[in-house]
Amino acid sequence: MPQTEPRRPSGNDAFRGATRLAPSILSADFSRLREQIVGLERAGAKQLHLDVMDGHYVENLTFGPLVVDAIRRITRLPLDVHLQIENADRWIDVFCDAGADMIAVHPETLHHLDRTLHGIRDNGKKAGVALAPSTPIRAMQELLRNLDYVIVMSVHPGFAGQDFIPGSLARVERLRSMISRDALPVEIEIDGGINIGNVREAVTAGADVVVAGSAIFDADDPAERLRAMLEEMLEAETTGT
Ligand code: DX5
Ligand code: ZN
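## Comments concerning helix α8 (residues 222–239)
- Over its 18 residues, α8 extends 26 Å from the first C-alpha to the last, a length consistent with the 26 Å expected when each residue adds 1.5 Å.
- Summarising the contacts, the buried residues of α8 are in contact with β1 (20–23), α1 (33–43), α6 (199–205), β8 (209–212) and α7 (214–217).
- With a side-chain oxygen lying 3.2 Å from the backbone nitrogen of Ala 223, the N-terminal cap of α8 falls on Asp 221.
- Backbone geometry just after α8 places Gly 240 at a positive phi near 75°.

## What to know about the pattern of salt bridges
- Taken as a whole and judged by the stated rule, the model has 10 salt bridges.
- With a closest N to O distance of 3.0 Å, Asp 148 and Arg 121 form a salt bridge. Residue Asp 148 is located in the loop between β5 (126–131) and β6 (149–153), and its partner Arg 121 is located in helix α4 (residues 113–122); the two are separated by 27 residues in the primary sequence.
- We note a salt bridge from Arg 200 to Glu 232, for which the minimum N-O separation is 3.9 Å. Taken together, the residues Arg 200 in helix α6 and Glu 232 in helix α8 connect sequence positions 32 residues apart.
- Taking the relative accessible area as the measure of exposure, Arg 200 reaches 25% and is therefore partly exposed.

## Quick notes on unusual backbone geometry
- Phi at Asn 87 takes a positive value of approximately 55°, unusual for a residue other than glycine.
- Position of Asn 87 relative to the elements: it lies in the loop between β3 (79–84) and α3 (92–98).
- The phi torsion at Ala 183 lies on the positive side, around 50°, for a residue other than glycine.
- Looking at where Ala 183 falls in the secondary structure, it is placed in the loop between α5 (168–181) and β7 (187–191).

## A word on the coordination of the zinc ion (ligand 2)
- For the zinc ion (ligand 2), the protein coordination sphere consists of His 49 (NE2), Asp 51 (OD), His 82 (ND1) and Asp 191 (OD), at 2.1 to 2.3 Å.
- Motif for the zinc ion (ligand 2), donor spacing along one chain: H-x1-D-x30-H-x108-D. Residues His 49 and Asp 51 agree in their burial class; the two are buried.

## Notes on the packing of aromatic side chains
- This structure, assessed with the given rule, holds one aromatic pair.
- Judged by centre distance (6.1 Å) and plane angle (45°), the ring pair of Phe 30 and Phe 63 falls under tilted. Placement of Phe 30 in the loop between β1 and α1 and of Phe 63 in the loop between β2 (48–53) and α2 (65–72) is noted, with a sequence separation of 33 residues between them.
- Relative accessible area serves as the criterion here: at 11%, Phe 63 is assigned to the buried category.

## Looking at the site of ligand 1
- With respect to spatial proximity, 19 residues lie near ligand 1, and among them Gln 84, Gly 158, Asp 191, Gly 213 and Ser 214 are the closest.
- One of the side-chain N or O atoms of His 49 is found 3.3 Å from an oxygen atom in ligand 1.
- Gln 84 places a polar side-chain atom, nitrogen or oxygen, 2.6 Å from an oxygen atom of ligand 1.
- Contact with the protein chains hides 100% of the accessible area of ligand 1, taken as 390 Å² for the molecule alone.
- Sorting the residues of the shell around ligand 1 by element identifies β2 and β3 as the ones contributing at least two each.
- Examining the composition of the shell around ligand 1, we find that three residues originate from one element, β2, more than from any other.

Criteria and thresholds
Residues numbered from 1 in each chain as written. Chains lettered and ligands numbered in written order. Predicted model: local features only at pLDDT ≥ 70, side-chain atom pairs only at ≥ 80, totals over all residues. Heavy atoms only, no water. Helix = DSSP H or I, 4+ residues; strand = E, 2+ residues; numbered from the N terminus. Expected span 1.5 Å × (residues − 1). Contact = heavy atoms within 4.5 Å. Polar contact = N/O pair within 3.5 Å; in protein donor to acceptor, adjacent residues only side chain to side chain. Salt bridge = Lys/Arg side-chain N within 4 Å of Asp/Glu carboxyl O. Buried < 20%, exposed > 50% of the residue type's maximum accessible area, 1.4 Å probe, protein only. Donors = N, O, S within 2.8 Å, 3.2 Å for Na, K, Ca; no water. Phe/Tyr/Trp six-rings, centres within 6.5 Å; stacked < 30°, edge-to-face > 60°. Near = heavy atom within 4 Å. Areas by Shrake-Rupley, 256 points an atom, 1.4 Å probe, with all protein chains shown as cover.

The structure is reproduced here in C-alpha cells:
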C-alpha cells in the first residue's frame, strides 16, 4: 500500500516515518459509524481522530468516553483523542480506559501541563499537545522531550468545515526544524481545513499525520476521497513537493 512506503529521508529527519491520514469522525454520519469506519480502514486510514468538545473551552459539544469505548469495539486503528475541554486532568484516565491510544490536550486549558502529559504516559498512551493558531510554537521548545506528538491546528478549535489558515504551514515548518535539530521522536499532526487541494503542502511542510474531517465525510464516496488524498500525500513524500 502506498502509505506504508518509507518517507524519503531528508536532512536529519531520522524519526520521520511514512505519513498517515487520520479521518476526523466529527463529520461522519453517526447513524452509519461502523460502516464508515470499516470502509475507511479498508481504504487505508491509519489512525482515527476523535474530537471531544465540552461546550466550555470551545462552543461546540460533541461526545465523551462512551462513544470512544464504542469506537474501540469497531476498529483496531489507533484512536487519537483530541481533548478540547476544560479540566482535562479529570478525564485522562477515563479516556485511556475507554480505549484511547493517544491523547492531546490544549496547554492553555491546564495549570500543570507537564503533570498532565506524564499522566497520559503513565497510562501507557502517547501524549500530545494541540496548539491553537494563537499559541506560539516556540513555547513548545521546553516540552518537546516530554511529548510524543504535537497537533498544529490549522483552524480555530471548535468546528469542522472551516477554512484552512494559511500561516499554519509556516508553523509546521518551524516546529519540524525544532524537532529535527534535536532529532526528537516527536510527530507532527496538522488538523483543520485539510482537503485534496492542500494536503500535499501539509506533508511537504513536515506533517507526519494529516487529519481530515469534512473533506472525507462530505464526499459522495469517502473511501475514494481518502484514497485520492493518500495519493497526494505519497507524491509529496516521494517528490518533496
Ligand atoms: C476542530 C477539530 C478538527 C476538525 C477537522 O476543532 O479539532 O479535528 O474535526 O475538521 P475539518 O477537516 O473539516 O476541518
Ligand atoms: Zn481535532
